[in-house]
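Here's the letter readout for the chains.
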Amino acid sequence: MKISVIGCGYLGAVHAASMAELGHEVIGIDVDPARIESLQQGIAPFHEPGFDALLKKNASHLTFTTDMSAAADASVHFVAVGTPQAADGSADMTYVNSAIESLTPYLTKGDLVVGKSTVPVGTAERLAAHVTPTGAHLMWNPEFLREGFAVEDTLSPDRLVYGVPEGTDGDTATAVLDEVYAEILAKDTPRLVMNFATAELVKVAANSFLATKISFINAMAEIADVTGANVTQLADAIGYDTRIGRRFLNAGIGFGGGCLPKDIRGFVARAEELGVGQALSFLKDVDDINMRRRTRVVDVLTEELGSLDGKTIAVWGISFKPDSDDIRDSPALDIAESLARSGATVVSADPEGWKPAQARVERAGLSASLTTTSDHRAAVTGADAVVVATEWKVFQNEAPGAIGDLMTQRIVVDGRNCLNVTAWKEAGFRYRGMGRA
Ligand code: UDX
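Report on the accompanying structure. (Residues numbered from 1 in each chain as written. Predicted model: local features only at pLDDT ≥ 70, side-chain atom pairs only at ≥ 80, totals over all residues. Heavy atoms only, no water.)

**Side note on the packing of aromatic side chains**
The condition is simple: Each aromatic pair joins two rings of Phe, Tyr and Trp (for Trp, the six-membered one) with centres within 6.5 Å, and gets the label stacked for planes under 30 degrees apart, edge-to-face for over 60, and tilted for any other angle. A helix here means a DSSP run of H or I that spans at least four residues, while a strand means a run of E at least two residues long, and both kinds are numbered starting from the N terminus. Geometrically, a lysine NZ or arginine CZ counts as sitting over a ring once it is within 6 Å of the ring centre and also within 35 degrees of the ring normal.
Scanning the entire structure with this criterion turns up seven aromatic pairs. When the centroid spacing of 5.2 Å and the interplanar angle of 10° are considered together, the rings of F46 and F51 count as stacked. With a centroid separation of 5.2 Å and 25° between ring planes, the pair formed by W316 and F395 is classed as stacked. With a gap of 79 residues between them, W316 in strand β9 (residues 312–316) and F395 in helix α16 (residues 393–396) connect regions that are remote in the sequence. Above the ring of F149, the side-chain terminus of R146 is found at 4.3 Å from the ring centroid. Above the face of the F144 ring, R159 is positioned so that its terminal group lies 3.6 Å from the ring centre.

This is the structure we're talking about:
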């Protein structure tokens, strides 16, 4: 099938390459010429395992352009543009609205427009009024991919969610999308068909649940810190209850990235608009608990070092999670900036995140006190303390003795509870975890 993908950011670029992998002829469209140039050359504009290989492998039937008229050749159009957080916490719909507006003139009768972006409930209904007069059908098909596993999650998802309009229009749209995803469906992937509002809500509900799970365990970490309990053992113990489950119960400096933080805030804003803000007031606590984790690291370091002024601190980790160079709302980078603002000299190390972080640090006017590097050993050299803020394997595998030899003082703050506590203590470190001593 001929497919267009509007928006070639994280979601769209991976989706375009994955659709090509399924054998379709795909055109990726984006307004950013630099991004398109890079994708067209087969170079991934971000770090995502397996994505480069997919681009190269499918180059014969995967092209990228800034020209929306190229969508006219396709009969299925995925809309995968970003919905960033607006100043008031709601989702900024500028890109979705303009994508639909510029796509509409190229739609023909029988085409299928498939929304993948995470949107406030009610959006699909509103956009249908623009799409259906062209004779095209609209569906909402939320994406649940995790960064670092984006290709795997797109080609082997846990489930497919189809949001369809009521009536026969929905049946036609479903049949077309089934054809697009035939290979995925052949693997017995559950497929759930529902109305627009439910499909839109599934996405934000899933992310809200995950965020709540993380903040729940971080709330337990706060209690553990004042009682001498160990939050990791607590998570292991409650996690054995299959109703609870152990995944997403890792306490630490909390969640970040381009989805969880903005999605819960956007959901709260939308519920308030709908007059049911009270239903989601707990998500404000989830957000507050999460943001407190970042302050906690600064507090622990202040307890250990006294004033941070004039101290040198290494932060291992910049990206919001390992195997990613994404620094959006990254707890690790936020903490490094707070430490720099508190008068410390900070060296942040990350195998991938150090590159995009440089520009942000400059914009924040912190270049004099916060530098970034890919070399985590260089970062700890001469440091009074090291903070592990992103659990890259390369940090976890380090020999604590050798690291201690490079440092001025042996203090480690394990912001992800990912280190071997005994090994670091035996190497003479003062070890401070998050909810575990
Ligand atoms: C998330 C959802 O998982 C995905 O389904 C959705 O499509 C997009 O948002 P992603 O943003 O890639 O994916 O990251 P995720 O793996 O969910 O992690 C989010 C954050 O939570 C990271 O900062 C991670 O470090 C943190 N986290 C995760 C914890 O602090 N503790 C945990 O137990 C798990």
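**Side note on the site of the ligand**
Defined as follows: In this text, near means that some heavy atom of the residue lies within 4 Å of the molecule or strand in question. Any N or O atom pair separated by 3.5 Å or less is treated as a polar contact, with the protein-specific requirement of one donor-capable and one acceptor-capable atom, and with residues adjacent in sequence counted only for side-chain atom pairs. A 1.4 Å probe and the Shrake-Rupley method give the accessible areas. Residues count as covered only by the protein chains that appear here. Residue type decides the class: Asp, Glu, Lys and Arg count as charged, Ala, Val, Leu, Ile, Met, Phe, Trp, Tyr, Cys and Pro as nonpolar, and the leftover types, Gly among them, as polar.
Taken together, 20 residues lie around the ligand, and F144, L145, E147, N250 and K321 are the ones closest in. Here an oxygen atom of the ligand sits 3.1 Å away from a polar atom, N or O, in the main chain of G256. Between the ligand and the protein, one listed contact pairs an oxygen atom with a side-chain N or O atom of K321 at 2.8 Å. Against a free-state accessible area of 670 Å², the protein chains account for coverage of 91% of the ligand. Ranked by residue count, the leading element in the shell around the ligand is helix α9 (residues 196–227), at four residues. A class-by-class count of the residues in the shell around the ligand yields ten nonpolar, four polar and six charged.

**Details of the pattern of salt bridges**
Threshold: Think of a salt bridge as a Lys or Arg side-chain nitrogen and an Asp or Glu carboxyl oxygen that are within 4 Å of each other.
Applying the stated criterion across every chain, the model contains 30 salt bridges. A salt bridge links D225 to R296, with the shortest nitrogen-to-oxygen separation between them at 3.3 Å. Of this pair, D225 sits in helix α9 while R296 sits in helix α12 (residues 281–305), and the two are 71 residues apart along the sequence. For E303, the salt bridge goes to R296, with nearest N and O atoms at 4.0 Å.

**Notes on the sheet that holds strand β14 (residues 430–433)**
Which entries qualify depends on this criterion: When DSSP finds two or more bridges between two strands, those strands count as paired. Only the stretch in contact is used when fitting a helix axis, every axis being a line fitted to C-alpha atoms; angles between N-to-C directions are given from 0 to 180 degrees.
Strand order in the open sheet formed by six strands is β11-β10-β9-β12-β13-β14, and the pairing between neighbours is parallel. At either margin of the open sheet sits one strand with a lone partner, and together these are β11 (370–373) and β14. In this sheet, adjacent strand axes meet at a mean angle of 20° when their direction is disregarded. Taken together, the three bridges between strand β12 (residues 385–388) and strand β13 (residues 411–414) define a ladder with parallel strand orientation.

**As for unusual backbone geometry**
For clarity, the threshold we go by: Three labels apply to residues, based on accessible area from a 1.4 Å probe with only protein chains included: buried if under 20% of the type maximum, exposed if over 50%, partly exposed otherwise in between.
For F248, which is not a glycine, the phi torsion comes out positive at approximately 65°. By the element assignment, F248 lies in the loop between α10 (231–239) and α11 (260–273). Residue F248 is classed as partly exposed on the basis of its relative accessible area, which comes to 35%. Although it is not a glycine, D329 adopts a positive phi angle of roughly 45°. By the element assignment, D329 lies in the loop between β9 and α13 (331–341).

**Re the environment of Y431**
Selection criterion: Residues count as neighbours in contact if any of their non-hydrogen atoms are within 4.5 Å of one another.
For Y431, the position within the fold is in strand β14. In this structure, the C-alpha to C-alpha distance between Y431 and A224, residues 207 residues apart in sequence, is 15 Å. Excluding anything up to four places from it in sequence, Y431 contacts V412, D414, N417, L419, V421, K425, R436 and A437. Polar contacts involving the side chain of Y431 include one to the side chain of R436, which spans 3.1 Å.

**Side note on the pairing of strand β2 (residues 25–29)**
Stated formally: For the handedness criterion, the strands are oriented away from the viewer, and a crossover whose path from the first strand over the helix to the second runs clockwise is classed as right-handed.
Of all the five residues making up β2, four are buried; the element is thus mostly covered by neighbouring parts of the structure. Both strand β1 (residues 2–6) and β2 contribute to a ladder of five bridges, which runs parallel. Across the sheet, residue S4 finds its bridge partner in β2, namely I27. With respect to chirality, the unit in which β1 leads through helix α1 (residues 10–21) into the neighbouring parallel β2 is right-handed. Both β2 and strand β3 (residues 62–65) contribute to a ladder of four bridges, which runs parallel. For I29, the partnering residue across the bridge sits in β3 and is T65.

**Thoughts on the environment of I184**
You can see I184 is positioned in helix α8 (residues 182–185). Exposure remark for I184: the relative accessible area of 0% places this residue in the buried category. Contact partners of I184, with chain neighbours within four places excluded, come to L22, T154, L155, P157, L160 and T189.

**Quick look at the packing of α13 against helix α14 (residues 354–363)**
Packed helix pairs are characterised by how far apart their axes lie and by the angle those axes make with each other. Which entries qualify depends on this criterion: Oblique is the label for any angle not under 35 degrees, not over 145, and not in the 65 to 115 range, which are roughly parallel, roughly antiparallel and roughly perpendicular in turn. Take the far helix as the reference: if the near one is turned anticlockwise from it by less than a right angle, the crossing is left-handed, and if turned clockwise, right-handed.
Look at α13 against α14: their axes get within 12 Å of each other, and the N-to-C directions meet at 40°. The orientation of α13 relative to α14 falls into the category oblique. As for the relative orientation of α13 and α14, their crossing is right-handed in sense. Counted together, L333, D334 and E337 of α13 and A357, R360 and V361 of α14 form the full contact between these two elements.

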